[in-house]
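# Remarks on the overall topology
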Amino acid sequence: MTTVPAPPEALYARVPGSKSLTNRALLLAAAADGTSVLTAPLISDDTTAFRQALGDLGVRIRSSDDDAWQVTGLGRGPRGTGRIWCADAGTAARFLPPLAAAGHGDFVFTGSDQLTARPVAPLADALRRLGAEVDTGPGGTLPLRVRAEGLDGGELEVDSSLSSQFLSGLLMAAPLLRGGLLLKVRELVSRPYVDMTIALMRHFGADVAEDTPGAFAVRPTGYRAADLRIEPDASTASYFLAAAAVTGRTVTVPGLGHGSLQGDVRFAEVLERAGARVRRTEDAVTVTGTGTLKGGFAVDMGEISDTFMTLAAIAPLADAPLTIHGIGHARLKESDRIEAVARNLRALGVRTDTGRDWITVHPGNASPARIACHRDHRIAMAFSVLNLRTGNLTLDDPGCVAKTFPGFHEEFHRLFPQHPLPAGPARASA
Ligand SMILES: O=C(O)C1=C[C@@H](OP(=O)(O)O)[C@@H](O)[C@H](O)C1
Ligand SMILES: C=C(OP(=O)(O)O)C(=O)O
């Protein structure tokens, strides 16, 4: 009698809270009347920066032992003057100035060199048209200074072709405007993040309607306090699910079920196209890999662009070229992500072609290399997945993962012991 070896056990990934949900919930709770409790928030550089910035705007936030934050809301926009540090967090730079404009005072928003290189001009322009006094740095970047005595609201057109965060920031401030706001968006990328914004605004009592596509009517209701459990981060989950696909293991991420508010859970469908088996239930997503990847297709990842690098980094393992398109706005994030990924892949000897908003990665064997992370957490995490198979890559800045997952290396190593733990203490992020 032959004995069939038992299949390897399913691995359960402990993925921390969503950055996008945590920072939205912090802002909405800060503007609400009353005290809100946020359970299982993400604790990372981006959410710490957001929380500290709200503290500097006068909001009281307390941590309790049991993984929860208590936010005592202002019941309005902030009042006062001050310099607000946004660190590397795009969400802070794009969500907090509209909130300040809906308050009373004079605030200057600044951030790291990396954040200063990212655009805020369309947001500054929109706030000016609403009646705030706004100055930006050279070329429409940070520092962004906002002086306002509240805003009347009315009707406004906004260009969100570079980032959906401009629209999300304006939408979240809108219930605080004296007359509410009808926001018409001209061009929009990353639409699922706007749906997440609206879902959370409603959770905190706002009245938002999209009667015609791209036109959002927000009534001047203010916000009321609400409790919220933060889902695990779907973008972070992509590294664990991709790891299942390329190692032939099964990985489950609990907490990311059918009802998830995050567009990036759709990354699992991309893995399905590449040959992995995917199961989504009420409360979890599970991917079982075959250890090989099917290529030979093109996929639009414009709505889930934070996950495009997860696919691009493992694409050399596929049996045919893979093209990812619709991702032009990914050039404006922590790094020019199309360029940064392409350069790293080429340094491994993998043929990679790029255009303004696309990348094609050809199958190939990766030769040993040091990955240039460009202080971009997603480059470090994405290439860590490829390295599970190649075992010959090192990261020049493993600590940069702290932007969204300070414990990434430990958790990845726990599930996949071949993932090396970085030597020495993790870098304190700039
Ligand atoms: O609203 C949000 O929480 C985010 C929106 C996306 O940015 P863009 O709209 O600039 O694509 C995404 O890349 C970012 O990580 C988080
Ligand atoms: C683009 C990102 O972050 P943000 O825009 O919030 O800085 C990201 O986390 O990939």
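Residues numbered from 1 in each chain as written. Chains lettered and ligands numbered in written order. Predicted model: local features only at pLDDT ≥ 70, side-chain atom pairs only at ≥ 80, totals over all residues. Heavy atoms only, no water.

## Section: the domain arrangement of the protein
Entries for the protein in the domain assignment read domain 1 (19-218) and domain 2 (234-415). Taking only C-alpha atoms into account, the centre of domain 1 sits 29 Å from that of domain 2. Across the boundary between the two partners, domain 1 contributes 23 residues, which contact 21 residues of domain 2. Approximately 1700 Å² of surface area, both sides summed, lies buried where domain 1 meets domain 2, with 52% of it carried by carbon and sulfur atoms. When the buried area of domain 1 at its contact with domain 2 is split by residue, Gln114, Arg118 and Pro192 rank highest and sum to 29% of it. (Domains from an automatic or database assignment. Contact = heavy atoms within 4.5 Å. Buried area = accessible area lost by both parts, 1.4 Å probe.)

## So, helix α7 (residues 191-203)
Here α7 spans 19 Å end to end across 13 residues, near enough to the 18 Å set by a 1.5 Å rise per residue. Along α7, the residues that are buried comprise Pro192, Tyr193, Val194, Met196, Thr197, Ile198, Leu200 and Met201. With its phi angle positive at about 90 degrees, Gly205 sits one or two positions after the end of α7. (Helix = DSSP H or I, 4+ residues; strand = E, 2+ residues; numbered from the N terminus. Expected span 1.5 Å × (residues − 1). Buried < 20%, exposed > 50% of the residue type's maximum accessible area, 1.4 Å probe, protein only.)

## Looking at the sheet that holds strand β5 (residues 68-72)
Taken together, the four strands give an open sheet; going across it, the order is β4-β5-β3-β15, and neighbouring strands pair in mixed fashion. What marks the edges here is a single partner per strand, and that holds for β4 (60-64) and β15 (228-229). Here β4 pairs with β5 via five bridges, running antiparallel. Along β5, the bridge assignment pairs Ser63 with Trp69. Set on the sheet, helix α2 (residues 45-56) makes contact with β4 and β5; between it and β4 the angle comes to about 135 degrees. (Pairing = 2+ DSSP bridges. Axes fitted to C-alpha atoms, helices over the stretch in contact; angles between N-to-C directions.)

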